Amino acid sequence: MAVSGSDVAALYTLLSNSMNADQRLRGPAEEALAQSESRPGFCSCLLELIMAKDLASQNDVRLMATLYFKNSVNRYWRHRRDSSGISNEEKTHLRQKLLLYLREENEQIAQMLAVLISKIARIDYPKEWADIFMVLSQQLQSADVLASHRIFMILFRTLKELSTKRLTSDQRNFAEISSHFFDYSWHLWQSDMQTILHGFSSLSQSYNSNPDDQHHELYLTCERWLLCSKIIRQLIISGFQSDSKCFQEVRPVKEVSPVFLSALQSFLPYYSSFEKQYPKFWDFLKRACTKLMKILVAFQGRHPYSFGDKFVLSSVVDFCLNKITDPEQYVLSFEQFLIQCMVMIKNILECTEYKPSFTGRVMDENGVTLEQMKKNISSAVGGILTSLLPNERIVLLCNVLIRRYFVLTASDLEEWYHNSEAFHHEQDMIQWTEKLRPCAEALYIVLFENYSQLLGPVVVSLLQETMNNCPTSVTEITPVLLLKDAAYGAAAYVYYELSNYLSFKDWFNGALSLELSNEHPNLRIIHRKVAIILGQWVSEVKEDTKRPVYCALIRLLQGNDLSVRLAACRSLCLHIEDANFSDREFVDLLPICWDSCFKLFDEVQEFDSKVQVLNLISTLILHVSEVIPFAEKLVQFFQKVWEESSGESLLQIQLLVALKNFVVALGYQSPICYSILLPILENGININNPDELNLLEDSMLLWEATLSHAPSMVPQLLPHFSRLVDIMERSFDHLEVAVNIIEDYIILGGNDFLSMHAANIAKILDLVVGNVNDKGLLSVLPVIDILIQCFPMEVPPLISSTLQKLILICLSGGDDRDPSKTSVKASSAAILARLLVMNTNSLAQLASDPSTSLLLQTASIPVQENILLCLVDIWVDKVDNVSCIQKKTIGLALSIILTLRLPQVIDKLDQILSVCTSVILGGNSDLTEEESRVLCICIFSLQIKFSDRINHISLEDSVKENLQTCAAIHGESFNAAMNNMHPSALAQLKQALKMP
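Residues numbered from 1 in each chain as written. Predicted model: local features only at pLDDT ≥ 70, side-chain atom pairs only at ≥ 80, totals over all residues. Heavy atoms only, no water.

A. Examining empty space enclosed by the protein more closely. For the structure shown, the criterion picks out 4 cavities of 30 Å³ or more. The volume enclosed by the largest cavity comes to roughly 90 Å³. Taken together, L98, Y101, L102, E104, A110, L113, A114, I117, R150, M153 and I154 make up the lining of the largest cavity. Within the residue set of the lining of the largest cavity, elements represented by two or more residues are helix 6 (107–124) and helix 8 (145–163). When residues in the lining of the largest cavity are grouped by element, the largest group, 4 residues, is from helix 6. (1 Å grid on protein atoms, 1.4 Å probe; cavity = no way out; pocket = protein on both sides within 12 Å on 5 of 7 lines; lining within 4 Å. Points joined across faces, edges and corners; volume = space filled by probe spheres on them. Helix = DSSP H or I, 4+ residues; strand = E, 2+ residues; numbered from the N terminus.)

Spelled out as structure tokens, the structure:
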């Protein structure tokens with residue numbers, strides 16, 4: 001039943017009740033609303049309620065109505081099979097009505113309606129809503145400040161939504177919008193800018209004590225101007241192809257950028273004066289200045305060549321450099337703005353389009369290479385940058401970054417004092433664009449990479465200066481000590497380039513090791529930076545310095561300050577992971593290292609800290625040789641971590657990784673950790689576990705490692721296999737690991753495993769074969785092969801449907817030009833050949849089973865003769881696409897075919913003998929890499945491989961014997977066929993069979 005206008009009152013009651021704290025009212029209301037969502041007229045009724053003037057004060061109910069409206073649009077605007085959705089007539093009504101309601105006074109509702117309109121436009125523009133921009137433009141002509149602000153809110157949201165569409169036609173539509181809408185938006189922006197500056201000038205001369213509320217119209221103009229700025233950004237970024245690809249100038253970049261920069265220069269002087277007197281406008285200034293810089297950064301990234309114009313690039317670079325190196329006092333406190341200035345300089349220094357290019361030639365229609373055009377532009381921009389960045393200015397920027405922005409502030413030290421652990425993570429893990437110091441460090445690294453020959457001596461000189469001014473005996477926190485900390489940081493961040501100017505060995509022996517000998521609490525500042533240096537300079541730590549560096553890091557790991565200890569933890573991890581890690585120099589440090597790690601894990605509180613320490617422990621287990629002596633302590637530790645990590649899936653993931661490394665390190669002694677491992681494994685592979693999505697992948701890897709390193713199958717592991725069925729029924733995401741797990745169970749579990757899980761094996765194989773791609777099939781086929789090898793009599797009846805699918809694969813076409821399909825067909829054929837050799841009756845029964853013929857018929861595969869004879873053609877055709885052992889298997893299968901009492905065998909005799917001859921004369925080779933991959937690393941797998949019956953059957957004897965049988969069955973026709981063989985083929989056959 002449709003919802004009509006008469007239902008507005010009832011709908012209002014339902015919406016009101018849906019927000020009621022009383023569940024008795026809220027529950028039925030929510031259920032009634034959910035049932036009404038898909039009914040015709042529901043959205044129209046909601047819109048009537050939102051627009052109702054008599055409900056203007058009921059913002060909570062109207063906001064809830066807007067939310068239901070948006071959700072209904074998301075679910076039902078597009079036609080769905082399971083719902084009639086919203087009719088075309090209602091859609092037309094809603095589109096028209098929405099564009100007439102442009103004076104919503106509630107900001108939150110207005111925002112929601114703008115988002116709603118943008119979602120509809122994404123679906124309907126331009127086919128069903130071609131006039132949306134024209135209607136909005138017309139409304140702007142007569143709109144007051146409120147209405148125009150709401151229109152620009154809609155425009156911004158809609159343009160943002162449309163800009164994310166990636167089809168070529170959609171991008172063309174957006175480019176057309178940009179061409180029509182840019183000029184209007186730009187003129188309005190400039191007009192509003194003048195209004196705002198005039199208003200700010202008046203405000204700065206006013207002494208009214210509480211004026212914010214008296215300038216509502218000016219504030220709306222400010223907000224409209226900000227929306228207009230975002231729209232202009234969207235039009236220029238998404239409305240034009242990047243000039244780095246098309247080499248065409250984007251005129252608006254050159255037109256807009258200088259004016260944006262001028263606006264910044266006009267706004268900034270008001271920043272400090274408005275903070276206390278006009279907090280609302282001060283907040284706008286913060287947002288406006290930051291947004292303008294972000295837009296300029298976006299222009300440079302999207303259209304680097306147009307931005308590289310000398311009038312644009314030079315003024316922006318000059319402005320940003322001045323603000324960084326010589327800022328006004330109020331700018332120093334404006335961190336977000338300074339960050340964007342640094343981002344701009346960093347991006348320009350990194351920009352590949354501004355660097356010389358040495359790639360190939362692409363001619364344009366005029367015969368000028370596009371590469372030459374690029375070189376010309378890059379050369380011109382390079383000249384501008386060279387003039388803007390003379391050596392003195394580069395050195396100045398480097399010095400300012402280190403001496404001003406790297407230095408810890410009083411608030412930093414206060415934060416460190418109160419919570420050293422939180423301080424570590426603030427410094428260590430924060431996104432570089434979010435805080436001023438990390439941003440300055442990122443800019444410094446890029447600056448140094450670009451001008452290392454110039455700046456190397458500068459940084460070394462600064463380092464020497466600070467070490468001379470602040471000897472290791474100094475314990476008071478003074479500006480010179482903080483500057484030394486900053487200089488140490490500067491040296492840490494550019495270790496690769498700076499190593500040409502600074503000997504790490506001399507630095508460590510002459511200064512860094514002495515710094516660590518002073519244990520005054522204030523020296524934690526320097527100790528933390530030394531810990532970072534020791535990690536960053538790992539590649540420069542040579543053999544004669546490794547031992548003292550390891551000792552220094554472990555001593556730092558044992559300190560009192562958590563920030564220092566966590567920094568040492570990270571650096572020690574880098575050393576242990578290093579390709580040149582010296583286990584010999586480290587092994588006797590292991591006892592104190594383990595204890596320090598366990599103690600640190602106990603003392604830290606934050607989740608990130610625990611993950612970091614656990615990662616170090618996991619890395620130690622993976623890289624050091626002596627783990628078994630510490631196994632008992634590690635088991636106790638892992639037990640404690642597991643108990644404490646409930647609900648912390650990321651910590652549990654790290655624990656699973658550590659346990660996997662532990663199992664690998666223990667090897668065949670891994671059962672000593674089963675007391676903790678098996679319960680954790682059971683939890684991780686249970687798909688009903690709430691954290692299953694996060695833990696399953698690493699739990700599967702742990703499961704695989706546990707089986708691969710088990711000396712034998714323990715009873716507790718056998719029941720776990722049923723979990724694999726649940727996992728595979730849900731998805732094939734972990735198929736490769738699952739295959740290895742199945743192989744390990746077959747090899748370790750033997751008959752006990754088969755008797756317990758025969759049905760599960762059959763279910764998994766039937767689920768996978770025929771439902772995965774060729775890569776997936778190639779991974780699972782070895783499982784079928786090893787099953788038939790280990791259980792030739794028991795398995796074939798259990799997996800008959802899977803074997804039928806292999807016959808289907810072999811007899812289907814389509815692999816002539818597809819190497820992966822050829823590999824699948826060849827491997828499938830080799831498995832069927834093994835089945836014929838090891839259980840001849842089973843394949844014969846399968847080939848003659850009516851269900852096999854029906855399966856082939858359903859797949860439209862014509863079979864003109866006996867299926868076994870069809871397989872002969874496949875074996876002959878694919879013998880060159882298989883491994884050595886599979887070649888022999890096919891040869892044996894073909895020799896058995898000689899014993900069939902079918903006259904068609906004679907027709908194929910020449911081909912069969914040719915293959916057998918080739919295989920015999922080709923001989924055996926060692927296991928290929930691909931065959932070795934099938935094997936698990938345990939000794940049992942090798943035993944099974946070498947006990948393979950195929951290895952112990954003589955193909956030569958089999959062919960001799962079966963040729964005699966064939967001659968006895970077919971008599972004269974056999975003799976005639978042999979006489980018709982080519983003399984050279986017959987000679988090779990006699991050679992292979994050692995016949996006279």
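Once the structure has been displayed, the description carries forward.
B. Spotlight on helix 23 (residues 436–450). Here helix 23 is 15 residues long and its end C-alpha atoms lie 21 Å apart, about the 21 Å a rise of 1.5 Å per residue gives. Extensive coverage of helix 23 is indicated by the burial of 12 of its 15 residues. (Expected span 1.5 Å × (residues − 1). Buried < 20%, exposed > 50% of the residue type's maximum accessible area, 1.4 Å probe, protein only.)

C. Highlighting the domain arrangement of the protein chain. For the protein chain, the assigned domains read domain 1 (1–125), domain 2 (481–626), domain 3 (627–768) and domain 4 (779–995). Distance between the C-alpha centres of domain 2 and domain 4: 61 Å. (Domains from an automatic or database assignment.)

D. Representation of the packing of aromatic side chains within the structure. With the rule as written, the count across this model stands at 47 aromatic pairs. Between W189 and F260, the ring centres sit 5.0 Å apart and the planes meet at 35°, which makes this aromatic pair tilted. Taken together, the residues W189 in helix 9 (residues 168–204) and F260 in helix 12 (residues 251–267) connect sequence positions 71 residues apart. F260 gets classed as buried once you look at its relative accessible area, which sits at 0%. Considering the side-chain rings of Y271 and Y330, the 6.4 Å spacing of their centres and the 35° angle between planes classify their relative orientation as tilted. In this pair, Y271 sits in helix 13 (residues 270–277) while Y330 sits in helix 17 (residues 329–332), placing the two residues 59 residues apart along the sequence. For Y271, a relative accessible area of 5% gives the class buried. (Phe/Tyr/Trp six-rings, centres within 6.5 Å; stacked < 30°, edge-to-face > 60°.)

E. Layout of unusual backbone geometry. A cis amide bond links Y125 with the next residue in sequence, P126, at an omega value of 5°. Following the sequence through the fold, P126 ends up in the loop between helix 6 and helix 7 (132–141). Here the phi dihedral of F247 falls at roughly 55°; this positive angle occurs in a residue that is not glycine. Relative to the helices and strands, F247 is located in the loop between helix 11 (243–246) and helix 12. Judged by its relative accessible area of 18%, F247 is buried.

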